[in-house]
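# Observations on the three-dimensional arrangement
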Amino acid sequence: MTASTWAATPGCRSAWTTRCSAARSSSTLRRTRTSIPRRLLSSTRCSPGGLTRCTPSTAGPSPRSTLPTTSQQAVASSCATEVYLSRPALAQLNVIIVRHSHPMPTLSLTYSYCLTAAPNLSFWSSVPSSQPRLPAPTAPPAAAAPYTVVFQTNEGDTPKILAGLMSAQWLHPAHGAAPVSWGINPGIAARFPALVEYYAVTAQPTDSFFAGCSGAGYVYPSKYTPADRALYYQHVEHVVPPAMAAPVVVDIWDYSINQTQLLQYRSTVPAIQCFTFQAKGAATNQCLPDGTPVLQSDSALFYPQLNISDPAGDLEQRIRHVASQHPAPFTIIVYGLLSKAEDPYPQTPELALAMANRLPKDKFSIMSVTQACTQARDHCSAHA
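Please read all numbers here as calculations on a predicted model, not as lab measurements.

On to the overall build of the protein. A count of helices and strands for the protein gives 13 helices and 13 strands. In the protein, once contacts between residues fewer than 6 apart in sequence are set aside, the share between residues at least 24 apart is 75%. Approximately 16100 Å² of the protein is accessible, and the part contributed by carbon and sulfur atoms is 55%.

This is how it looks when you write it as structure tokens:
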């Protein structure tokens, strides 16, 4: 399917009608079982039929805790396995053991990973696709400024963000005017290839893509046993090459993952060039012993709550402040600005363009995350 075909076929019209009709027919036989009660308590019992037949216990909720009990882990494992009949299992975030403040570490303890639901997945799983692979990024500029600024979007682990056109930001008039890096779970290409095909054929030269969150399914790899962690890394290696052109950047969501586990990840998935990391304080740019960069966002730029009266001005000051705290060269990541179209905040493409116009070009370069990682990898190699 070409970009022009996509543009000419909204809502299953024109040349896509046959494919959509076939998908509708097939999807009636392949319903995705994602109906999970939202008030699933820790003592929920799973029947052999799976979560669609789970019923909450009559016991009331107990105080929130951050550590799951053994029985709660067993419930999560049983429910995820019953519904999807595979391991690693897919599960819905915020519904399995929802009463815990940190559901993902709990889910990770069961050797499951999260792929949040989206509308019409049974339909999308049946639409054939000839080109789901996301394109390779362009090389970084030969002469870069001392500080590199990267815009990374959030929600990359979920098909809902793809089905929703990146919260409608993919259609923003400023899309393509400045570099933006979009998170996409490469495992989505295997299950819903036509969703990924759309982005592959409509991407602009300024677009790049990274694997998020944690690779190919939202998980805390450090919570896995060594054997299960190795299986997850093999799963990522299986789904990445058909979905994403190398080099690949993986956005790690796991505060506890250590250097040894990252090195194992990198050696299992050779296409990985770089890791980005969720913020936990000041920004850092580090190098693993094998020369792989690990770039971490600053808390002030991680899901930033910008001043509504002057969001671009606020963001510019935050970027300048982070730069002032670190000697060049340094990569500054702005993470998590995918807001809903109706929200009062500017959209990510608009803010990226504003920073490209406002920040002095002799000090700041706006780049894709892959370009920044290529540059950082060269720096790591030169200072090994």
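On to the sheet that holds strand S11 (residues 293-296). The four strands lie next to each other as S8-S9-S11-S10, forming an open sheet whose pairing is mixed. Since the sheet does not close on itself, it has two edges, and those belong to strand S8 (248-252) and strand S10 (284-287), each with one partner. Sheet twist, expressed as the mean angle between neighbouring strand axes with direction ignored, is 20°. In terms of strand pairing, S8 meets strand S9 (residues 272-277) through five bridges, oriented parallel. Counterpart to Asp251 in the pairing with S9 is Thr276.

Bringing the state of the cysteines into the picture now. For the structure on display, the rule yields two disulfides. Across a sulfur-sulfur distance of 2.2 Å, Cys274 and Cys373 are joined as a disulfide pair. With the S-S dihedral at roughly -50°, the linkage between Cys274 and Cys373 falls on the left-handed side. Remark: Cys373 occurs in helix H13 (residues 369-382) and Cys274 occurs in strand S9; sequence separation between them is 99 residues. On the accessibility criterion, Cys274 (0% relative accessible area) is buried. A disulfide bridge connects Cys287 with Cys380, and the sulfur atoms are separated by 2.0 Å. The sign of the S-S torsion, about -80°, decides the handedness of the disulfide formed by Cys287 and Cys380: left-handed. Residue Cys287 is found in strand S10, and its partner Cys380 is found in helix H13; the two are separated by 93 residues along the sequence. By relative accessible area, which is 40% here, Cys287 ends up partly exposed.

So, about the packing of helix H11 (residues 311-324) against helix H12 (residues 348-358). Contact geometry for H11 and H12: axes closest at 10 Å, N-to-C directions at 60°. Comparing their axes, H12 and H11 come out oblique. As for how H11 packs across H12, the hand of that crossing is right-handed. On the side of H11, the interface is formed by Ala312, Gly313, Leu315, Glu316, Ile319 and Arg320, while H12 contributes Leu351, Ala354, Met355 and Arg358. Within the contact of H11 with H12, the residues separate by chemical class into six nonpolar, one polar and three charged.

A few words now on the confidence of the model for the protein. When the pLDDT values of the protein are averaged, the result is 75; 68% of them are 70 or greater. Below a pLDDT of 50 lies the segment residues 1-68, which in the model reaches 111 contacts outside its immediate sequence neighbourhood of four places, other chains included. Note on residues 71-101: pLDDT under 50 across the span, and 91 contacts to partners over four residues away in sequence or across chains.

The next subject is the environment of Val196. Within the secondary structure, Val196 sits in helix H8 (residues 193-202). As a C-alpha pair, Val196 and Leu134 span 62 residues in sequence and 7.3 Å in three-dimensional space. Apart from the residues within four sequence positions on either side, Val196 is in contact with Pro132, Leu134, Leu162, Ile184, Ile188 and Ala189.

A few words on empty space enclosed by the protein. Counted under the stated rule, the structure contains one cavity of 30 Å³ or more. What the largest cavity holds in volume is close to 70 Å³. Looking at the largest cavity, the residues that line it are Leu134, Pro135, Ala136, Pro137, Ser208, Phe209, Met244, Ala245, Pro247, Val248 and Val249. Taken together, the residues of the lining of the largest cavity break down into ten nonpolar, one polar and no charged.

In this section: the packing of aromatic side chains. Overall, the coordinates contain 19 aromatic pairs when judged by the stated rule. With 4.2 Å between their ring centres and 15° between their planes, Tyr233 and Tyr265 make a pair best called stacked. Separated by 32 residues along the polypeptide, Tyr233 in helix H9 (residues 226-243) and Tyr265 in helix H10 (residues 259-268) bring together distant segments of the chain. The buried category is assigned to Tyr233, whose relative accessible area is 0%. A relative accessible area of 0% places Tyr265 in the buried class. A centroid spacing of 6.1 Å and a plane angle of 50° characterise the contact between Trp253 and Tyr335, whose relative ring orientation is tilted. With Trp253 in the loop between S8 and H10 and Tyr335 in strand S12 (residues 330-335), the pair connects residues that are 82 residues apart, well separated along the chain. Each member of the pair, Trp253 as well as Tyr335, carries the same accessibility label: buried.

This paragraph deals with the environment of Gln261. Structurally, Gln261 is set in helix H10. Counting along the chain gives 31 residues from Gln261 to Ala230, while the straight-line C-alpha distance between them is 9.4 Å. Sequence-distant contacts of Gln261, that is, excluding residues within four places in its chain, are made with Ser222, Arg229, Tyr233 and Ser256.

Calculation notes
- Residues numbered from 1 in each chain as written.
- Predicted model: local features only at pLDDT ≥ 70, side-chain atom pairs only at ≥ 80, totals over all residues.
- Heavy atoms only, no water.
- Helix = DSSP H or I, 4+ residues; strand = E, 2+ residues; numbered from the N terminus.
- Contact = heavy atoms within 4.5 Å.
- Areas by Shrake-Rupley, 256 points an atom, 1.4 Å probe, with all protein chains shown as cover.
- Pairing = 2+ DSSP bridges.
- Axes fitted to C-alpha atoms, helices over the stretch in contact; angles between N-to-C directions.
- Disulfide = S-S within 2.5 Å.
- Buried < 20%, exposed > 50% of the residue type's maximum accessible area, 1.4 Å probe, protein only.
- Parallel < 35°, antiparallel > 145°, perpendicular 65-115°, else oblique.
- Left-handed = near helix turned anticlockwise from the far one by under 90°.
- Nonpolar A, V, L, I, M, F, W, Y, C, P; charged D, E, K, R; others polar.
- pLDDT = per-residue confidence, 0-100.
- 1 Å grid on protein atoms, 1.4 Å probe; cavity = no way out; pocket = protein on both sides within 12 Å on 5 of 7 lines; lining within 4 Å.
- Points joined across faces, edges and corners; volume = space filled by probe spheres on them.
- Phe/Tyr/Trp six-rings, centres within 6.5 Å; stacked < 30°, edge-to-face > 60°.

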